[in-house]
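# A structural walkthrough
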Amino acid sequence: MFGTGHFKLVNLLILLVGLCNINNVHAQETKDESVAFIDKFMEAVVAHKSSKTIRFCSKTYKKEQLRDFLKNNKRQFLDELFGGIDTKGQWQQIRFDQINHLELVEIKESGFAYFEVQFKISTDKTEVFSTLGLTKEIKRRKVKYGIEGARG
């Protein structure tokens, strides 16, 4: 009734379903890990812990922006990291030390090992929506995340 071709097709379908399930589990693990990382980042920001907040940024971003471009001006680095569109559609730059609340709005995969993370940032005067990058790097089976902002 069924030939070998049929059994090969069934086995192929089972394999594909299994691979899809593995991929979904991996995607969920990645999302859980990234959310945990972002939660710790947000805690450091709201507590205005500048050194700790900077440690959450990717090494590449810190080298390019903080060390090379801003000549280690940490205050400017942190102040320029946070900015976004307010409720009136206007761009607002937010000073690091004025952030009262940071809320995770969305994480979108934007490429291999890169995510766009949207935050709602609140100060005493305004609320803005800001998007930062999140990189994922794997070295020696260890996952390392890093926050990135605008460049230049």
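Structure: see above.
All of these numbers come straight from a predicted model, not from anything done at the bench.

Here is what the cut-offs are and how they apply
- Residues numbered from 1 in each chain as written.
- Predicted model: local features only at pLDDT ≥ 70, side-chain atom pairs only at ≥ 80, totals over all residues.
- Heavy atoms only, no water.
- Helix = DSSP H or I, 4+ residues; strand = E, 2+ residues; numbered from the N terminus.
- Buried < 20%, exposed > 50% of the residue type's maximum accessible area, 1.4 Å probe, protein only.
- Contact = heavy atoms within 4.5 Å.
- Salt bridge = Lys/Arg side-chain N within 4 Å of Asp/Glu carboxyl O.

### Re the environment of Val105
Tracing the chain through its elements places Val105 in strand E3 (residues 101–111). By relative accessible area, which is 39% here, Val105 ends up partly exposed. When the C-alpha atoms of Val105 and Lys120 are compared, they prove to be 6.5 Å apart, with 15 residues separating the residues in sequence. Contacts of Val105, omitting those with residues within four sequence positions, involve Gln118, Phe119, Lys120 and Phe129.

### Describing the pattern of salt bridges
The final tally for this structure, using the stated rule, is nine salt bridges. Lys120 serves as the salt-bridge partner of Glu127, at 3.6 Å between the closest nitrogen and oxygen. When the shortest N-O distance is used, the salt bridge between Arg151 and Glu148 registers 3.3 Å. When its relative accessible area of 41% is taken as the criterion, Arg151 is described as partly exposed. Under the relative-accessibility criterion, Glu148 is labelled buried at 8%. Salt bridges sharing common partners tie together Arg75, Asp79, Arg95 and Asp97.

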